[in-house]
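Summary of the model geometry
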Amino acid sequence: MSEIPAKATESEDPSEGARAGAADGLASAVGGALAADGVRSGDAMWQSSPPGSIYDYIKVASFSIGPDGLVDQWSLRAEHLFGIRADRAVGMDPIEAFIDPRHRERGMRKMAEILDGREWTGVVPFRMPSGAEGECGHEGLAEVYVMPTRTEEGEKAAVCIVVDVRTLRSIETDLAASQAIFSQSPFGFLLIDSDLRVRRANQRFASIFGGTPDDHRGKGVHDYLQRGEAERVAATLRRVLETGNSITDMHVTGFVPGSDERRHWSVNLYRVHSGSGRPIGVAWLGTDITARRAAAREAAAARRNLALLNEAGARIGNSLDLETTARQLLDVVVPGFCDLATVDLYQGLLAGDETPPGLADGSAELRRVAFASAVSDAPFAGAGVPVAVGAVHHYPFNSPCADALRTARPQSVPGEDGGLVQSTLAVPMVAHDTVVGLVQFARTKGSEPFGDRDRDLAVELAARAAVCIDNARLYRREHERALILQRSLLPPGDPEASGLDIACRYLPGNVNTGRPSEVGGDWFDVIELPGHRTALVVGDVMGRGLRAAVAMGELRTAVRTLAQLDLEPAEVLSQLDEIARNLGAPGGVQQATRAARRPREADLSEVYLATCVYAVYDSVTRRCTFANAGHLPPVLVEPGEAALMLDVPPGMPLGVGGEPFEEVEVELPEGALLALYTDGLVESRDHPLDEGLQAFVSALSDPTQPLEDVCDHVLNTLDTHHGEDDIALLMARVQGLPTDSVGDWTLPREPRSVGRAREYARAQLLAWDMEPLVDTTELLVSELVTNALRYGEGEIRLRLLLDRTLVCEVWDSGLVQPRRRRARDTDEGGRGLQLVGLLSAAWGSRRTPRGKTVWFELPLPGGDTSLTDPAEALLSLF
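Since the model is a prediction, treat every value here as computed from it, not as a measurement.

The helix and strand tally for the protein chain stands at 22 helices and 31 strands. Sorting the 878 residues of the protein chain into buried and exposed places 47% on the buried side. Entry remark: accessible area of the protein chain is about 43,300 Å², with carbon and sulfur atoms responsible for 50%.

Turning next to helix 6 (residues 165-184). For helix 6, with 20 residues, the first-to-last C-alpha span of 28 Å sits near the 28 Å given by 1.5 Å per residue. Residues of helix 6 that are buried: Val165, Thr167, Ile171, Leu175 and Phe182. Along helix 6, the residues classed as buried sweep out an arc of 155° about the axis, all on the same side. More than 90 degrees from the buried face of helix 6, the exposed residues found are Arg166, Thr173, Ile181 and Gln184.

Turning our attention to the nonpolar core. Of all hydrophobic cores here, the largest spans 49 residues; its most connected members are Leu329, Val333, Phe337, Val343, Met429 and Phe441. At eight residues, the largest contribution of residues to this core is made by helix 13 (residues 452-489). For Phe441, the contacting residues outside a window of four places in its chain are Val333, Phe337, Cys338, Leu340, Ala341, Ser423, Thr424, Leu425, Val427, Phe450 and Ala458. Core analysis: the second largest hydrophobic core is formed by 31 residues, Trp768, Leu800, Phe856 and Leu858 among them.

On to the sheet that holds strand 12 (residues 366-373), then. Reading across the sheet, the six strands line up as 13-12-11-16-15-14 and stay open at both edges, with antiparallel pairing between neighbours. With partners counted over all chains shown, the strands left at the sheet margins are strand 13 (392-393) and strand 14 (411-414), one partner each. Strand contacts of helix 10 (residues 322-333): strand 11 (340-346), strand 12, strand 15 (421-431) and strand 16 (434-444), with the helix running at about 35° to strand 12, the strand carrying the most contacts.

Reading across from one edge, 2-1-5-4-3 is the order of the five strands in this open sheet, with antiparallel pairing throughout. Among the strands making up the open sheet, the edge pair consists of strand 2 (71-74) and strand 3 (120-127). Averaged over all pairs of adjacent strands, the angle between strand axes in this sheet comes to 30°, irrespective of strand direction. Bridge analysis of strand 1 (residues 60-65) against strand 5 (residues 156-164) gives six bridges, and the strand direction is antiparallel. Following the sheet pairing, Ser64 is matched in strand 5 by Val159.

For the rest of this paragraph, the subject is the pattern of salt bridges. Two side chains with opposite charge may pair up if their charged atoms get near one another. A full pass over the atoms with the stated rule returns 36 salt bridges. When the shortest N-O distance is used, the salt bridge between Glu96 and Arg104 registers 3.2 Å. Within the structure, one salt-bridge network assembled from shared partners comprises Arg533, Asp566, Arg799, Glu809 and Arg846.

In this model, helix 15 (residues 569-582) (14 residues) spans 20 Å end to end at C-alpha, consistent with the 20 Å of a helix rising 1.5 Å per residue. Restricting attention to buried positions, one finds in helix 15 the residues Pro569, Ala570, Val572, Leu573, Leu576, Asp577 and Ala580. The buried residues of helix 15 occupy an angular sector of 150° when projected down its axis, which confines them to one face. Residues of helix 15 that are buried in the fold lie against helix 14 (546-564), strand 20 (610-618), strand 21 (623-629) and strand 24 (663-667).

On to the side chain of Arg367, then. Its location among the elements puts Arg367 in strand 12. Given a relative accessible area of 18%, Arg367 falls into the buried group. At 3.5 Å, the side chain of Arg367 and the side chain of Glu323 are in polar contact. With residues up to four places along the chain from it excluded, the contact list for Arg367 reads Glu323, Val343, Asp344, Leu345, Gln347, Leu350, Gly390, Ala391 and Val392.

Turning to the packing of helix 20 (residues 774-791) against helix 21 (residues 832-839), a few remarks are in order. Contact geometry of helix 20 with helix 21 gives a least axis separation of 10 Å together with a crossing angle of 145°. Crossing handedness for the pair helix 20 and helix 21: left-handed. In this structure, helix 20 uses Thr776, Leu779, Leu780, Glu783, Leu784 and Asn787 to contact helix 21, whose residues at the interface are Gly832, Leu833, Leu835, Val836 and Leu839. Its residues placed into classes, the contact of helix 20 with helix 21 shows seven nonpolar, three polar and one charged.

Below, the discussion takes up the side chain of Gln764. Looking at where Gln764 falls in the secondary structure, it is placed in helix 19 (residues 753-767). A residue is classified by how much of its surface remains accessible, and Gln764, at 15% relative accessible area, is buried. Ignoring anything within four residues of it in the chain, the contact list for Gln764 reads Gly743, Trp745 and Leu800.

Below, the discussion takes up the packing of helix 14 against helix 15. Geometry of a packed helix pair, given as the angle between the helix axes and the separation of the axes. At a closest axis distance of 10 Å, the pairing of helix 14 and helix 15 adopts a crossing angle of 145°. Here helix 14 and helix 15 pass one another in a crossing that is right-handed. Across the interface between the two elements, Leu555, Ala558, Val559 and Leu562 of helix 14 pack against Val572, Gln575, Leu576, Ile579 and Ala580 of helix 15. Partitioning the contact of helix 14 with helix 15 into residue classes produces eight nonpolar, one polar and no charged.

Our next topic: the confidence of the model for the protein chain. Per-residue confidence for the protein chain gives a mean pLDDT of 81; residues scoring 70 or more make up 82%. Taken as a whole, residues 1-49 scores under 50 in pLDDT and shows 64 contacts with residues more than four places along the chain or in a different chain. Below a pLDDT of 50 lies the segment residues 588-597, which in the model reaches seven contacts outside its immediate sequence neighbourhood of four places, other chains included.

Turning to the pairing of strand 7 (residues 198-201), a few remarks are in order. Direction of pairing for strand 6 (residues 188-193) relative to strand 7: antiparallel, over a ladder of three bridges. Paired with Ile192 across the strands is Val198, a residue of strand 7. Following strand 6, the chain reverses through four residues before pairing antiparallel with strand 7; Leu196 in that reversal takes a positive phi of roughly 60°.

This part is about the environment of Val656. The residue Val656 is located in the loop between strand 23 (644-645) and strand 24 in this model. Measuring from C-alpha to C-alpha, the distance between Val656 and Leu609 comes to 7.0 Å, with 47 residues separating the pair along the chain. Aside from chain neighbours lying at most four places away, what touches Val656 is Asp577, Arg581 and Leu609.

Moving on, we get to the packing of aromatic side chains. To describe a pair of aromatic rings, you give the distance between the ring centres and the angle between the ring planes. Using the criterion set out here, one finds 13 aromatic pairs in the structure. Look at Tyr677 and Phe696: their rings are 4.7 Å apart centre to centre, the planes differ by 65°, and that puts the pair in the edge-to-face class. Highlighted residues: Tyr677 in strand 25 (residues 673-677) and Phe696 in helix 17 (residues 689-699), separated in sequence by 19 residues. By relative accessible area, Phe696 is classed as buried at 0%. Aromatic ring contacts, followed pair by pair, group Phe63, Trp74, Phe82, Phe98 and Phe126 into a single cluster. In this structure, Arg406 packs its charged tip against the face of Phe397, placed 4.2 Å from the ring centre.

All right, on to a negative patch on the surface then. On the surface, a cluster of negative charge is contributed by Asp68, Glu152, Glu153 and Glu155. For Asp68, the location among the structural elements is in the loop between strand 1 and strand 2.

We now examine the environment of Asp68. You can call Asp68 exposed: its relative accessible area is 54%. For the pair formed by Asp68 and Leu115, sequence separation is 47 residues and the distance between their alpha carbons is 8.6 Å.

Here we take up unusual backbone geometry. Cis peptide bonds are those with omega within 30 degrees of zero, and the linkage from Val334 to Pro335 qualifies with 5°. A positive phi is found at Asp249, a non-glycine position, where the angle reads about 55°. Mapped onto the fold, Asp249 is located in strand 8 (residues 247-254).

Among the structural elements, Leu322 can be located in helix 10. Note on Leu322: relative accessible area 0%, which makes it buried. The spatial distance from the C-alpha of Leu322 to the C-alpha of Asn471 is 9.0 Å, given a sequence separation of 149 residues. Beyond its immediate sequence surroundings of up to four residues, Leu322 is in contact with Leu350, Ile469, Ala472, Arg473 and Arg476.

Criteria and cut-off values
Residues numbered from 1 in each chain as written. Predicted model: local features only at pLDDT ≥ 70, side-chain atom pairs only at ≥ 80, totals over all residues. Heavy atoms only, no water. Helix = DSSP H or I, 4+ residues; strand = E, 2+ residues; numbered from the N terminus. Buried < 20%, exposed > 50% of the residue type's maximum accessible area, 1.4 Å probe, protein only. Areas by Shrake-Rupley, 256 points an atom, 1.4 Å probe, with all protein chains shown as cover. Expected span 1.5 Å × (residues − 1). Arc of directions from axis to C-beta. Core = buried A, V, L, I, M, F, W, Y, C linked by side-chain atoms within 4.5 Å. Contact = heavy atoms within 4.5 Å. Pairing = 2+ DSSP bridges. Axes fitted to C-alpha atoms, helices over the stretch in contact; angles between N-to-C directions. Salt bridge = Lys/Arg side-chain N within 4 Å of Asp/Glu carboxyl O. Polar contact = N/O pair within 3.5 Å; in protein donor to acceptor, adjacent residues only side chain to side chain. Left-handed = near helix turned anticlockwise from the far one by under 90°. Nonpolar A, V, L, I, M, F, W, Y, C, P; charged D, E, K, R; others polar. pLDDT = per-residue confidence, 0-100. Phe/Tyr/Trp six-rings, centres within 6.5 Å; stacked < 30°, edge-to-face > 60°. Lys NZ or Arg CZ within 6 Å of the ring centre and 35° of its normal. Patch = residues over 30% accessible without salt bridge, like charges linked within 9 Å, V, L, I, M, F, W, Y side chains within 5 Å. Lys, Arg positive; Asp, Glu negative; His and termini not counted. Charge placed at Lys NZ, Arg CZ, Asp CG, Glu CD.

Quick look at the structure:
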């Protein structure tokens, strides 16, 4: 038994060597031993323990009891444990002060035994006495070690060492829990000291990097990681040790022994403190996220591909132009998917051929329509000689590109040694089971090579673009055919008319913008009528495409047919309205029957609507009669006056039916300018109709210029480049027939008027210096006047008109139209109209408000058409 003097010291530590040993064992379990400097195995000297020892975690106190059984020494730790200052504790009876009354009797006996010189160890319940700094009545449990001693006088005394049992039990529980967590953790667990050396590793860490946990003690991060990564991690460990700021989810990359696979870990770092709060190291908690990183890369690649497909769906196919669609594909893939890309399309398909030669074996000519590069516009040199955009070329039969075209399957093209390109994917563009071209995706050296997922994505992108390109190709073909059809139905060359100077313009939709668009149903026409009259027509079929162009052709043909019947403008529009209502319906059935049988929910695609303005101009009287079917009003510019829009009742569009059309007659002064047009000239998305009409009227400020210049000025002034609709413009300058070119006579209804009519005609023709026409004209005038006397009514009017041809008209009040018939050989008459038909260039009859007019037309001498000899014509009748 060791004995110490009762008053020798106030030390709180009974044994330095024992304390250091205990501290080393316990602190190593909780991390406190990371900085312990206690006695180690083999040390030859005693050392003191700095803060951070076991006594920072457990509550240990000491006091001494004198021969009288009262406290005569009270340590500082006793003050902390019991909450009583030394000046008050000295002289107290420990049994009376700290033992519950129920246990005092037993305590007295133990005290007597202790003072009798017996050593005792046991667990004693205690309570805080009243007046203590702690809570009064607080109960505790202490393990007491009593060692007998003697005073200087030789009297018996005792030294007591007290340990708080509940704190010890808590430490034991914490030790067990921390040990279980450390050893059983599924994550790699390290305790790293202030020198950045491993002081402890768990089994999970050792299973990854090999060996036992003890084998890793003393190692640093450079023993596990490559230099650059190790320096980064070491700097982070020092920062955590210095600042105390934790690091969460720090990604560390390295290799494990025996494997070349790069591994990834997610590491959490936090600083570890001693019981006194002093930093003593860093805890490392790491988990392997290699599989998670791979899955994340796969997910990121899938999201990237999905985003690329979404972008392709949004951007590719917005235009129906082949080259634009190809460029849109490259805008999507460069640089997001590849570094260089090209698009080649079959030249034959671009030219309109359905199956160009060599299409099956991949040797047909292709034209490069698009190229894109993310590498400073570097040429695409991964598959032979570079090909310029717009150049026509073909691939060798045994090349991977030709094989891709031939088999309709993607092919990989390796890069050339020393070249820029690392690898290329040659992907055929397949639409509707037809290869329309080839797209090549290339990645430069240093980029990630193409994988299976990239190949699938490239095929999908090429397929989407191929469908859009094929649709654009088919649309271009239809657009060109419709445009050809539409142009074939418009008047060829520059129209000519008697008494009018004509100029016209037609611009199909988008012709100025370069973007393909469906043709519209706009049309215009200039139709020569008998009597040196002219019909001016401008119309617009609602809708676009081939259907509108066909409907326009049908209506234009109907207008020309009705015009030849010499009907009034309102009657022409009424007949056109009936025809428009019948378009698309089965022929041979009356409109009323069709309307009754047509279901109410009839397909609107079979409804044809059109607007049209129809005007008939008489060059003799300079009067023009207008009728309008829902079209924009004509514009008239009189000499010296501002342009104005004629007030012509608009009426309903053709195809609506149910409403009559009104006529307006206007006298046009000499030199006046008349303009008919379609809505594409004055209306667009950016310019409303009223604004466009005002601009059009303002553009006709100087109508005295040549008519062709006026048309050009109008198109250059207005917004005709919007390309949204077709534009038709028909302009006519009035040049009335001179008075000396008209011969007009009224004849009484008597037989001698026939001879008088021949005399008038001969005299007028001689005055016009048209002697070659005298005999034929006399003969035909005699026939017409004779018919008027025999079959007509009222007085007879004879009129001769000289312009580009000679026109003769015979008027009477009868309503019965002459009808030509073939006379038999035995008939004495019936050959007059046959003779008129043989000798004239044209003849006919038309109704007038007061009867009818029978006319014939003769070509002028010196023209392309020769005159027929009257004698031969008479002989041919027999």
